Every structure is written in structure tokens, then in C-alpha cells.
Amino acid sequence: MAEDKRFPPEEQEQQEGKGRLSLHNLFYHNTFVLIFSFVVSVIAWFIMYQYSGESRTYMVYDVPITTLYSSEAEAEGLREFNKSYSTVDVEVSGNSLITSRLTAADFTATISVNPSSSKVTGNTLQRMSVPVRVVKNAAQADYEIVSVSPEEVTVEYDRYKEASFPIEQEITYSAGSGYYAAAPVLSEESVVISGPESSVNKISRVAVSRTLDTPLEESASFSASLKLYDQDNQEITNTGDLYLSSSLESVDVSITVMNRKTVPLTVSTLRQPSNFSSSRITIEPAQIDIAGAKEVLDEIQEIQLDTVVDFGRLDLGQENSFVSDITLPAGVRNLTNVGDNVVSQATVTVNLNGYQQVTVTVPEENIQTTNTPAGKEVELTTQTLDVSIIGPEAQVTNITGEMLSVVADLNNFGSRTGSVEVPVTVSISGSEADSCWVVGTYVVAVDLEEPETALAMTRTRTSTASRVEAAPQE
């Protein structure tokens, strides 16, 4: 260390000694000893007070309250839905070595619900004030319960009830031009509401509501909260105050949007004359609205009814009306309604006002057979055929049997022999009868025989005829 030139060596050594104070020397310093003794005595006093075992009071906070039900309450199905306090504070007195270590787990606090003091009506929550009872979990513990705060609590109770409600949809929306928006579909159909019987009884219905301001041109989906309504159709908003619980808080809503198109209904006919006016065939409804994917609707120009109108079965004496189902292609929806019902059928009417029916006789030469079976001999035994015809008076009254052609098709009679009845097709020729048609079905009698049998029968008939001619006249 550099020598300090201000002091002689002896004085410099004395100055350095003054700057140093050893721990040993502190205890010979009167002021330090006084302060140190005071601090030690205070600490000792606190330690002795804490662990001396002296009896004193102590607070234990937040002891949970358990609700007990009487047998009558359980029989009634009662349940507590709220109480003014859920915990109590317990003041105890005893040995501080014990009381200072107590916690809420060392006590049991209970209240008892007995409905005999208040009648359960189902119209409102019941309330009663009941005392709180606190006991030590360790009965032999060396301390006493001095007080409980609060000493009593107010309990709200009622019968417990669950009820299922259908979820109504009150979604306001519209579809854009040329589009159809289907009815909203909810992810859940019903909801279970539970809680006090008096609160659940206030609910009349459950619904979801939403207003979509923009017309829909594509499918939409969103979430909507459930709303509860009372008997006066007023929304119930204080569900928390009523202690109501719901299995659902909201539902997903989806609205399918499809293209829309109007198409006519048509009907197929059988044996309709070429000049019969199409205006005499009416369909009600004449057209329907349909919805579906654009590519599907582009292929549909009309909807053909299931029924086929057979002119050969029409009757002048009746109203010729037929009810037919309207069958749509897969993926296509019928939008035409009457009231709340979809129009699934159409009525076809054929107007025959001014038409007449006549019967004409077809001569033998106009009756023919076709498709004669191989190896068979055919003989037509029907000589003439009476046929009914309907048509305008100006035409039908001029039709003669020579204008009709009757053909019996034997294609399906190859295995038959003997006399058989064969259905025939009757047609009318000539433009002067192009608004007339044949009504009814007809058959002719035909003999089908093997060639040898046919030859023998011919010889028999010839022989019989010869004998008849040779017989002497009387």
C-alpha cells in the first residue's frame, strides 16, 4: 500500500485500526448489546406465545354447507335450487396448538329441508329459512365451536321436473329469382328443459328465430340460440333466476337452395285417332313447379303422367276422367301445393261432347289371320264381326263394315290345336274417318289342326255334304 505522506507511520497505523471493528469487539460495545438483547427477547416472546398451549379463539373460513332432505322431502321429489349462503365461517376456542391447525375439512355443516312448513304448489318456488348445524369431524378434539356465521340460510326449493319440447323454427327468409329455398332443417328436433317444477311449467314452447335479409341463391347454414316462450307467447329471458337448465343452448340450421323451373304435365294415349283435337284432353293441374340441381332441370322439358289413356276403353255414357300419380325423376322436388299439401296427382279428362257411338258389321272378307304356326292348318270360323265405333257424328254415321280391317295374330298359338279364340286388331281406313276409333276388345274363332287331321275333317265334311245332296226329295 502506498504510504500516506500526510501522517507519520505511527499515526497512520492508528487510523487504520479505527476503520476496523471485529465481531468479537461488537459484543463489548454497550449500544449493540442493548439492541441485540431487545430483538432476541421479542422473538422469544412470540415463539413462547405461539406454542405455549394457551387457550384462545380462532376462525375457520368457508366450510361448505350440505343440504339434507327429510323422508317427506325425498318422497315429494324435492330438490334445493338455491340457498343464500353456500359456506359458513366457524369460530372455535381451544388449545392454540390445535386450533391454529384447523381447516374447513375438519367440520361438517348441514341444513335440513322439510316441506311440512311450506306447501309445494308447483306454481312458484318455495322458500324457507333453516338453521345451520356445524359439528366437528373429530368429536374428541380438544376445542369447542363458539359460533357459526351465518347461523341460518334461506333455501329455495321445489319438485324437480324435466320436460321435452319440440323445437319450432321461426326463420324468415326468401329465395332469389329462379331459386327455391327448402324449409330450414334443424340439427336437433327437441330439447329437454329441467329445473324447478314451477319454472318448467311456465314454458309453453321453444323456438329458434332468425331473419335473413338477403334472398338466398345458394344453400346456407348457421347457428341459432334457443328461445323459451310462456303461455302468453312472451319470451322468457330470466332463465337463471328460474334455475332452468337446458340440454341444448343452440342448434345448427341449414337451408337447402335449389334451382326452380315450371314444366307442363303430359299424358300418353293409346288408340287415339290422328285427327282427335288435343284441346279435348285436359290435365289439372296443367303444369307444376319443380326444383333440383341445374343440370338435372335442364334435361326436363315436361313431366309425363303415369297413366296411359286408352281410347278403346272410353265410354260415351260416363265422364272420362282419370287420376294419375305425378312421378318425378330422382333428385327433383315437387313445389306445387294446395294449402299445406303437395299436389302429387293430376286429373286427366277426355271431352267427348258431340261424339256418337255406332255398331257396324265387318264382313268375312275383311277378317284375316297372320303369323300362321308352322305345321298347322288354319280355318277362320267367325264369318262376321260386330264392332263399336266412336267419332264425330259427321264421320261415324258414314262408316261401313268394308272400311274396317280385322286381323287375328296367331303368333302365340303355335302349341294350340282345335278351336281357339284369338284377340284381333281392328283398324279403320280412310281420311273420312280420321277422327273415329274402335272401342272395346274383340276376338274371332279359329280352328288350328295338324295337316292330316285337317284333310280328314275336310273329307268328312265333303262326304257329309254329298250325302245330303244325294238324298231323295220328298
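Procedures and definitions
Residues numbered from 1 in each chain as written. Predicted model: local features only at pLDDT ≥ 70, side-chain atom pairs only at ≥ 80, totals over all residues. Heavy atoms only, no water. Helix = DSSP H or I, 4+ residues; strand = E, 2+ residues; numbered from the N terminus. Phe/Tyr/Trp six-rings, centres within 6.5 Å; stacked < 30°, edge-to-face > 60°. Buried < 20%, exposed > 50% of the residue type's maximum accessible area, 1.4 Å probe, protein only. Lys NZ or Arg CZ within 6 Å of the ring centre and 35° of its normal. Pairing = 2+ DSSP bridges. Axes fitted to C-alpha atoms, helices over the stretch in contact; angles between N-to-C directions. Salt bridge = Lys/Arg side-chain N within 4 Å of Asp/Glu carboxyl O. Core = buried A, V, L, I, M, F, W, Y, C linked by side-chain atoms within 4.5 Å. Contact = heavy atoms within 4.5 Å.

Enquirer: Would you explain the environment of Met 128 in this entry?
Expert: Topologically, Met 128 is positioned in strand β5 (residues 126-131). The spacing of Met 128 and Val 153 is 25 residues in sequence and 8.3 Å in space, taken between C-alpha atoms.

Enquirer: I keep staring at the packing of aromatic side chains and nothing clicks. Help me out?
Expert: Within this structure, the stated rule accounts for six aromatic pairs. Ring centres of Phe 276 and Trp 437 lie 5.7 Å apart, and the angle between their planes is 85°; this geometry places the pair in the edge-to-face category. You can see Phe 276 sitting in the loop between β18 (257-270) and β19 (281-284) and its partner Trp 437 sitting in strand β33 (residues 437-439), a full 161 residues away along the chain. Judged on exposure class, the residue Phe 276 and its partner Trp 437 are both buried. Aromatic ring contacts, followed pair by pair, group Phe 276, Phe 311, Tyr 355 and Trp 437 into a single cluster. When the ring centre of Tyr 143 is taken as reference, the NZ or CZ atom of Lys 136 above it lies at 4.8 Å. We note Arg 205 situated over the ring of Tyr 229; from NZ or CZ to the ring centre the distance is 4.3 Å.

Enquirer: Even after reading the chapter, I still don't get the sheet that holds strand β22 (residues 321-325), so can you show me in this structure?
Expert: The pairing of strands in a sheet happens through backbone hydrogen bonds and is either parallel or antiparallel. Taken together, three strands build an open sheet; the order of strands is β19-β26-β22 and the sheet is antiparallel. Only two strands of the sheet have a single neighbouring strand rather than two, namely β19 and β22. With direction set aside, neighbouring strand axes in the sheet form an average angle of 25°. Both β22 and strand β26 (residues 345-350) contribute to a ladder of five bridges, which runs antiparallel. Bridge assignment links Ser 324 to a residue of β26, and that residue is Ala 346.

Enquirer: Mind showing me how you'd approach the pattern of salt bridges here?
Expert: Proximity of charged atoms lets side chains of opposite charge pair with each other. Throughout the structure, instances matching the rule amount to 10 salt bridges. A salt bridge links Glu 156 to Arg 127, with the nearest nitrogen and oxygen atoms 2.6 Å apart. Of this pair, Glu 156 sits in strand β8 (residues 152-172) while Arg 127 sits in strand β5, and the two are 29 residues apart along the sequence. A network of salt bridges, in which partner residues are shared, links Glu 76, Arg 159 and Glu 197.

Enquirer: What is the right way to look at the nonpolar core in this model?
Expert: Proteins that are soluble and globular tend to have nonpolar side chains buried together. Ile 326 and Trp 437 are the most contacted members of the largest nonpolar core, which has 27 residues in total. Of all the elements in the fold, those that place two or more residues in this core are β18, β19, β20 (287-292), β21 (303-310), β26 and β33. Those residues in contact with Trp 437 that sit more than four places away from it in its chain are Arg 271, Pro 273, Phe 276, Phe 311, Gly 312, Leu 314, Leu 352, Tyr 355, Ser 388, Ile 389, Ile 390 and Ile 428.

Enquirer: Looking at this structure, how should I read unusual backbone geometry?
Expert: Across the chain, the bulk of peptide bonds are trans and the bulk of non-glycine residues have phi less than zero. Cis geometry is found at the peptide bond from Ser 149 to Pro 150, where omega equals 0°. Inspection of the secondary structure assignment puts Pro 150 in the loop between β7 (143-149) and β8. Along the chain, Glu 284 connects to Pro 285 via a cis peptide bond; the corresponding omega equals 0°. By the secondary structure assignment, Pro 285 is in the loop between β19 and β20. Backbone geometry at Asp 62 places phi at a positive 60°, although glycine is not the residue there. Within the chain, Arg 271 stands out as a residue other than glycine whose phi angle is a positive 60°. Residue classification places Arg 271 among the partly exposed residues on the basis of a relative accessible area of 38%.

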